[in-house]
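The residues making up each chain are set out below.
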Amino acid sequence: NDIKLGKVRKKILSKQEGKIGHIDNKAIARVGRALGAPLDKQAGIIIKATKGQSIEKDDEILELIASTPERLKNGLEQLKKEQVISIDRIILDVV
C-alpha cells in the first residue's frame, strides 16, 4: 500500500549560496511533529539537499507536507525557530 501524502505543501528555498554543512535530525523531527507526523500519516518533510552538496540561492532544500493548512502553518512556525540545515559559505581565494 502506498502512503498518500498531504496535498498542502510548501517548498523551502535556500536564502544563500554555499555548501550544505549540517542537517539537524532532531530539528527535522520537531518540524515534522509540528506538521502532524507521525500520527498524521499524510504529514512529513522531504529533504531535497544532502550534506556536502553545493547549492545556489533559491535552490529548493526542503518540502513541508501537511494534511491541513493549519498544520502547515504550525510546521512553518516551528521551522522558523530551528536551524534545520546549515549552509557553509564558499570562500574562494583570489591569487
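Everything that follows concerns the structure shown earlier in this document.
Residues numbered from 1 in each chain as written. Predicted model: local features only at pLDDT ≥ 70, side-chain atom pairs only at ≥ 80, totals over all residues. Heavy atoms only, no water.

Peer 1: Can you walk me through the overall build of the protein in this structure?
Peer 2: Secondary structure summary: the protein contains two helices and six strands in total. Each helix and strand of the protein, ordered N terminal to C terminal, gives the series β-β-α-β-β-β-α-β. In terms of overall dimensions, the protein has a C-alpha envelope of 55 × 30 × 20 Å along the principal axes. Here the protein holds 95 residues, and the buried ones make up 36% of them. (Helix = DSSP H or I, 4+ residues; strand = E, 2+ residues; numbered from the N terminus. Buried < 20%, exposed > 50% of the residue type's maximum accessible area, 1.4 Å probe, protein only.)

Peer 1: What is the right way to read the packing of helix α1 (residues 25-35) against helix α2 (residues 69-81) from this model?
Peer 2: The angle between the axes and the distance between the axes are what describe a pair of packed helices. Interhelical geometry of α1 versus α2 gives an angle of 155° and a closest axis separation of 7 Å. What the angle tells us is that α1 and α2 run roughly antiparallel. The handedness of the crossing between α1 and α2 is right-handed. Facing α1, whose interface residues are Arg 30, Val 31, Ala 34 and Leu 35, α2 presents Arg 71, Leu 72, Asn 74, Gly 75, Gln 78 and Leu 79. Along the lines of polarity and charge, the residues of the contact of α1 with α2 split into five nonpolar, three polar and two charged. (Axes fitted to C-alpha atoms, helices over the stretch in contact; angles between N-to-C directions. Parallel < 35°, antiparallel > 145°, perpendicular 65-115°, else oblique. Left-handed = near helix turned anticlockwise from the far one by under 90°. Contact = heavy atoms within 4.5 Å. Nonpolar A, V, L, I, M, F, W, Y, C, P; charged D, E, K, R; others polar.)

Peer 1: Just checking my understanding: could you explain the nonpolar core for this structure?
Peer 2: In terms of nonpolar packing, the biggest core is built from 19 residues, with Leu 62, Val 84 and Ile 85 touching the most fellow members. Of all the secondary-structure elements, those providing two or more residues to this core are β2 (18-23), α1, β5 (60-66), α2 and β6 (85-88). (Core = buried A, V, L, I, M, F, W, Y, C linked by side-chain atoms within 4.5 Å.)

Peer 1: I keep staring at the sheet that holds β2 and nothing clicks. Help me out?
Peer 2: Strands pair in a sheet through their backbones, by hydrogen bonds, and they do so in one of two ways: parallel or antiparallel. The strand order across the open sheet formed by three strands is β4-β2-β6, and the pairing between neighbours is antiparallel. Both edges of this open sheet fall to β4 (54-55) and β6, since each of them pairs with a single strand only. By the bridge criterion, four bridges tie β2 to β6 in an arrangement that is antiparallel. Bridging across to β6, His 22 finds its partner in Ser 86. (Pairing = 2+ DSSP bridges.)

Peer 1: Where do I start with the side chain of Asp 40 in this structure?
Peer 2: Tracing the backbone shows Asp 40 in the loop between α1 and β3 (44-47). At a separation of 2.4 Å, a polar atom in the side chain of Asp 40 contacts the side chain of Ser 67. Every residue in contact with Asp 40, bar those within four places of it in the chain, is listed here: Leu 35, Ser 67 and Arg 71. (Polar contact = N/O pair within 3.5 Å; in protein donor to acceptor, adjacent residues only side chain to side chain.)

Peer 1: How do you make sense of α1 when you look at a structure like this?
Peer 2: Spacing of three or four residues puts side chains on the same side of an α-helix, whose turn is 3.6 residues. Taken as a whole, α1 has its buried residues at Ala 27, Ile 28, Val 31, Gly 32, Ala 34 and Leu 35. The arc enclosing the buried residues of α1, seen along the axis, measures out at 160°, which places them on a common side. Residues Asn 25, Lys 26 and Arg 33 are exposed on α1 and point more than 90 degrees away from its buried face. On the buried face of α1, the contacting elements are β2, β3, β5 and α2. For α1, the N-terminal capping position is held by Asp 24, with its side-chain oxygen 3.0 Å away from the main-chain nitrogen of Lys 26. (Arc of directions from axis to C-beta.)

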